[in-house]
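Architecture at a glance
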Amino acid sequence: MEFSRLTEAAVPDYLQALPAMHARFSSFAALDVVEVGDGNLNYVYLVTNRLVPTETVVLKQAVPYLRVVGESWPLTRHRMNIEIAALRHFRSLCPEHVPEVLHADAERSLVIMQRLREHRILRGVLLEGQLFAHAAEHLATFMARSLFFSSDFYLSPQDKRQAQARFINVELCKITEDLIFTHPYDDSPTNSYNPALPRMVIDRFQRNPRVRAAVGELKFAFMTRAEALLHGDLHVGSVMVSAHETYVIDPEFAFYGPMGFDVGILLANFFLGWCGQSVRGGATAPATQRWLLDSAVQCWEGFARQFTMLWEQHEARDGFIGRDLDGHSRAAFREAFMRRVFADSLGFAGCEMVRRVLGLAKVADIAGIAAPQARATAEMNALHLAERLLLERGTIGSIHEVLTWLQA
Ligand code: SR1
Ligand code: MG
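As the structure is a prediction and not an experimental result, all values here were calculated from the model.

Re the sheet that holds strand β6 (residues 101-105)
Read across the sheet, 5 strands follow the order β1-β2-β3-β7-β6 without closing on themselves; strand pairing throughout is antiparallel. Edge positions in the open sheet fall to β1 (31-35) and β6, since each of these has one partner strand only. The sheet shows a mean angle of 20° between the axes of neighbouring strands, direction not considered. For strand β2 (residues 42-49) and strand β3 (residues 52-62), the ladder comprises 8 bridges, and the chain directions are antiparallel. Looking at the pairing, threonine 48 lines up with threonine 56 of β3. Running at roughly 25° to strand β7 (residues 110-114), helix α3 (residues 78-93) makes contact with β2, β3, β6 and β7 of the sheet.

Topic: the state of the cysteines
This model, assessed by the stated rule, comprises 0 disulfides. For the unlinked cysteine cysteine 94, the closest cysteine sulfur is that of cysteine 299, found at 13 Å. Counting only cysteine sulfurs, cysteine 351 is the nearest neighbor of cysteine 173, a cysteine outside any disulfide, at a range of 15 Å.

Let's talk about the site of ligand 1
The full set of residues close to ligand 1 is Asn40, Leu41, Leu66, Leu179, Asp233, His235, Phe253, Arg355, Arg356, Leu360 and Ala361. The contact in question runs from an oxygen atom of ligand 1 to an N or O atom on the side chain of arginine 355, over 2.5 Å. Protein contacts shield 94% of the accessible area of ligand 1, which totals 310 Å² for the unbound molecule. When grouped by side-chain class, the residues that make up the shell around ligand 1 number 6 nonpolar, 2 polar and 3 charged.

Brief notes about the packing of aromatic side chains
Inspection of the entire model under this criterion finds 26 aromatic pairs. Aromatic ring contacts, followed pair by pair, group Phe148, Phe149, Phe153, Tyr154, Trp300, Phe303, Phe307, Trp311, Phe320, Phe333, Phe337 and Phe342 into a single cluster. Against the face of tyrosine 43 rests arginine 5, its NZ or CZ located 4.0 Å from the ring centre. Taking the ring centre of phenylalanine 337 as reference, the NZ or CZ of arginine 340 above it sits at 5.3 Å.

Describing the packing of helix α10 (residues 260-280) against helix α12 (residues 329-358)
Where α10 meets α12, the axes come as close as 7 Å, and the angle between the chain directions of the two elements is 50°. Of the possible angle classes, the one that applies to α10 and α12 is oblique. You can see that α10 and α12 cross each other, and the crossing is right-handed. The residues of α12 that touch α10, namely those facing Gly260, Phe261, Val263, Gly264, Ile265, Leu267, Ala268, Asn269, Phe271 and Leu272, are Val341, Asp344, Ser345, Leu346, Phe348, Ala349, Glu352, Met353, Arg356 and Val357.

Considering the side chain of asparagine 269
By the secondary structure assignment, asparagine 269 is in helix α10. In this structure asparagine 269 comes out as buried when scored by relative accessible area, which is 1%. Not counting residues up to four positions away in its chain, the partners in contact with asparagine 269 are Arg123, His235, Val236, Glu352 and Val363.

A word on the pairing of β1
For a regular strand, side chains alternate in direction, first toward one face of the sheet and then toward the other. Looking at chain direction, β1 and β2 are connected through 5 bridges and run antiparallel. By the bridge assignment for β2, aspartate 32 is matched with threonine 48. Where β1 folds back on β2, the antiparallel hairpin that results is connected by 6 residues.

Some points on the sheet that holds strand β11 (residues 246-248)
Pairing in this open sheet of 3 strands is antiparallel, and the strands run β8-β10-β11 from one edge to the other. If you trace the sheet from one side to the other, it starts and ends with β8 (120-121) and β11, each paired once. By the bridge criterion, 3 bridges tie strand β10 (residues 239-241) to β11 in an arrangement that is antiparallel. When the sheet's bridge partners are listed, valine 241 is paired in β11 with threonine 246. Contacts between helix α5 (residues 135-149) and the sheet are confined to β10 and β11, with β11 contributing the most and set at about 40° to the helix.

The rules behind the values
- Residues numbered from 1 in each chain as written.
- Chains lettered and ligands numbered in written order.
- Predicted model: local features only at pLDDT ≥ 70, side-chain atom pairs only at ≥ 80, totals over all residues.
- Heavy atoms only, no water.
- Pairing = 2+ DSSP bridges.
- Helix = DSSP H or I, 4+ residues; strand = E, 2+ residues; numbered from the N terminus.
- Axes fitted to C-alpha atoms, helices over the stretch in contact; angles between N-to-C directions.
- Contact = heavy atoms within 4.5 Å.
- Disulfide = S-S within 2.5 Å.
- Near = heavy atom within 4 Å.
- Polar contact = N/O pair within 3.5 Å; in protein donor to acceptor, adjacent residues only side chain to side chain.
- Areas by Shrake-Rupley, 256 points an atom, 1.4 Å probe, with all protein chains shown as cover.
- Nonpolar A, V, L, I, M, F, W, Y, C, P; charged D, E, K, R; others polar.
- Phe/Tyr/Trp six-rings, centres within 6.5 Å; stacked < 30°, edge-to-face > 60°.
- Lys NZ or Arg CZ within 6 Å of the ring centre and 35° of its normal.
- Parallel < 35°, antiparallel > 145°, perpendicular 65-115°, else oblique.
- Left-handed = near helix turned anticlockwise from the far one by under 90°.
- Buried < 20%, exposed > 50% of the residue type's maximum accessible area, 1.4 Å probe, protein only.

Quick look at the structure:
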């Protein structure tokens, strides 16, 4: 079937033809359809019954190109199959943190999901100075459960390899390989630089063998270490929050990769937010900065604690390294493993920070600072931290050490 994008006008008839939607909407005569996709890849429609506003869903459709660039950057719609499978999988593990899939249409590459009416994108609300007491703890739980239950520590080798095969995501991994691990260090035409950012600052990343070797190691880890099913794009724009709830959305980049990638992307976005706030200033900046640092700590520590706990519980039944004949071997392996995940997370955080400053797809926290000189200050702080994370990731003892650098 030839692909056609669903227009706003066609959405009501499309929904009315679906039996599942009759349980959601009492009538289809007064549906408001608003396109709100502000992401880089897809179209997103909010559909609401004007007569009963609680009757509402989200419809997301993938188009055969990268939306942010246009038809000159073709992309298959396979990403929607990945997104649907990932949403269903993550929801089965964390129903309180992942929206429900109400209908999936592989032919038209679209998914209809539960609408989160009270919730807003975390990046946006942080920029407004709103803080959410439970978000970091919820994100730590999401990461611990999604990463543990898809790993070899939980699944049989056969189930793990089948899951890995189901989530082969060549095109979107290639986007990440290019945009996060290659282009920023390559002076690529897809990069864009703030004119106020001194060339020598950019050169520290593009002409420094130690930095480039570190990024090469992390890129190789991203491409080869199939440790767990990752969300693959877990920045604060992929998180929706309300006062008491946190939802993770947009898992189209999901694939089997190194666990530290999800953790690192999230940490990086807290650190980028911190750098932006330190320049933006204003009445809410100090509390927001405090929240961002506390959240980085809670995300890492909460993830590590819950992941280890799940592992210990499971290991009581089935030990990954066999029986613990000396009584210490399992704990020693767990500790060494978690140290490695921590170092990876910091390294990937460094890569994400560099990419959001030098590469394509900036973050509003910094890109939204209007004055180029002020923006350059935030960018230089971010790049300085990123460089240390990349080069020192193997020797950093705790997440608190990173915070002391930021606050120095
Ligand atoms: C061209 S796609 C740019 C970015 O958007 C997504 O959210 C991912 O972060 C990707 O790298
Ligand atoms: Mg996205």
